[in-house]
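Single-letter residue listing:
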Amino acid sequence: MKQFSLLFPSTIHFGFATLDKVATIKMPEGSIGLVTGGAAMRKNGSIDRVLGLLKNKKVIIFEGVEPEVSVETVDKCAKTMRKHGVTSLIGIGGGSALDCAKAVAGVYKSGKSVKDYLDGKIKISETAFFIAIPSTAGTGAEVTKNAVLTYTEKKIKTSLRGETLVPKIVICDPQLTMSMPPEITAYTGMDALTHAVESYFSTGANEVTKGFAVKAIKLIMENILKAVENGSNKTARYNMLLASVTAGLAFANSGLGAVHGIGHPVGAIAHLPHGKVNAILLPVVMECHKKYASGLFKSFEKDCGENTIKKIKTLNKKIGLPDKLSKLDSDIAAKLPLIMSTMVYASGSMAFNPVKMTPSKVENILKEAL
Ligand SMILES: [Fe+2]
């Protein structure tokens, strides 16, 4: 019988209007850093709502975190928070904004660059009180212990990891996802599906994470098209955010697999959105599971339904996502040698894949996905 440990945030508030909980959270004395991405949270009124809920507190706002956030942005944000003596951080927005805030929470007090942590020169010791509020239903960043960052000069995507990085409080208010455009709804949703599927197949899976993964898969298969076709469908938005956080809790405790292992170098080198790359790679990697881990694949289809690979391909098409990487980047074939040269096999997501990945297997998967 397998022994396992589970690491969850202290509290997850879920449901419409839970953003109001911000006013009731007891935070440490001192000012609060509010970290967000582009203009979306301003436009839909969420920033003003949070500021209204914190009206008696001093709030330092850091806006403009870019997609696939870079180490430079994390350092810039950390410097701002240090300068203002911030004691709590709130990340509100998509995965990049949450990952930026999470990384800052882990490193800002030391005064060192986040690169020193990624290079292994220093370890995370003290993490700020951190609240995560997702505005997309996909990344699961609100419940994980790692922040995915673009290490610009090394041209890689890598993770800052630490058990204390798990957000203390999570607020999942589907209202924040209502204004998400169809395209972002589609590819962030497929990222969530990839998390759930990879968590199920992961060598680190256990009965709890598998139960969460199956629940998330069913919710996404039933709701993603509805959310893409009609962003005002409250039930579909509710279910997609529920699936995303459930998948997040699953993979945060099981690890991922080859879709993320291969997808990160592809995304970092070709500068492609994470969810779109995953949506293309997922059915190809699942074919590999079917071939080399057939027993596990049969259990998966028993739990999640038959013809899952075909269903995912059809779903991708219906929600308007491409089926080949070359449709995202016409020059992708020329970048393959560089992508292969930065591939990591023994650690990170790849290490949890049920089928041991080799350069030839990865090359075959990438060629199939081109
Ligand atoms: Fe992901």
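Asker: Hey, could you run me through the environment of Ile-332 in this one?
Answerer: Locating Ile-332 in the fold gives a position in helix H13 (residues 332-341). Distance from Ile-332 to Ile-269, taken between C-alpha atoms, is 9.3 Å for residues 63 residues apart in sequence. Every residue in contact with Ile-332, bar those within four places of it in the chain, is listed here: Val-266, Ala-270, Leu-325, Ser-326, Ile-339 and Leu-370.

Asker: I would appreciate a short explanation of a nonpolar patch on the surface in the present structure.
Answerer: The grouping of Phe-4, Leu-6 and Phe-8 at the surface amounts to a nonpolar patch, some 250 Å² of accessible area in total. Assignment of secondary structure puts Phe-4 in the segment before strand E1 (11-14). Here Phe-4 falls in the partly exposed class, since its relative accessible area comes to 40%.

Asker: Would you explain the domain arrangement of the protein chain in this entry?
Answerer: Accessible area lost upon the coming together of the parts serves often as the stated size of an interface. Annotation of the protein chain at the domain level lists domain 1 (11-176) and domain 2 (180-369). Tallying the contact residues gives 25 residues for domain 1 and 27 residues for domain 2. A buried area of about 2000 Å², summed over both sides, lies between domain 1 and domain 2, and 72% of it is on carbon and sulfur atoms. Here domain 1 is connected to domain 2 by zero salt bridges. Summed over the shared surface of domain 1 and domain 2, the number is three residue pairs in polar contact (both at pLDDT 80 or more). Taken together, the elements giving at least two residues each to the side of domain 1 that touches domain 2 come down to E1 and strand E7 (156-161). By residue number, the principal contributor to the side of domain 1 that touches domain 2 is E7, which donates three residues. Of the residues assigned to the side of domain 1 that touches domain 2, the class counts are ten nonpolar, eight polar and seven charged.

Asker: Is there a simple way to think about the coordination of the iron ion in this case?
Answerer: In a perfect tetrahedron of four donors around a metal, the angles come out at 109.5 degrees. In a perfect octahedron of six, they are 90 or 180 degrees. Donor atoms from the polypeptide that coordinate the iron ion comprise Asp-191 (OD), His-195 (NE2), His-260 (NE2) and His-274 (NE2), at 2.1 to 2.2 Å from the metal. Coordination geometry of the iron ion: the four donor atoms subtend angles of 84 to 171° at the metal centre, consistent with an arrangement described as irregular. Mapped onto the sequence, the residues coordinating the iron ion show the spacing D-x3-H-x64-H-x13-H. Linking Asp-191 in helix H6 (residues 182-201) with His-274 in helix H10 (residues 274-292), this pair joins segments that are 83 residues apart in sequence.

Cut-offs used in this document
Residues numbered from 1 in each chain as written. Predicted model: local features only at pLDDT ≥ 70, side-chain atom pairs only at ≥ 80, totals over all residues. Heavy atoms only, no water. Helix = DSSP H or I, 4+ residues; strand = E, 2+ residues; numbered from the N terminus. Contact = heavy atoms within 4.5 Å. Patch = residues over 30% accessible without salt bridge, like charges linked within 9 Å, V, L, I, M, F, W, Y side chains within 5 Å. Areas by Shrake-Rupley, 256 points an atom, 1.4 Å probe, with all protein chains shown as cover. Salt bridge = Lys/Arg side-chain N within 4 Å of Asp/Glu carboxyl O. Buried < 20%, exposed > 50% of the residue type's maximum accessible area, 1.4 Å probe, protein only. Domains from an automatic or database assignment. Buried area = accessible area lost by both parts, 1.4 Å probe. Polar contact = N/O pair within 3.5 Å; in protein donor to acceptor, adjacent residues only side chain to side chain. Nonpolar A, V, L, I, M, F, W, Y, C, P; charged D, E, K, R; others polar. Donors = N, O, S within 2.8 Å, 3.2 Å for Na, K, Ca; no water. Tetrahedral: all angles 85-135°; square planar, octahedral: opposite > 155°, others 65-115°.

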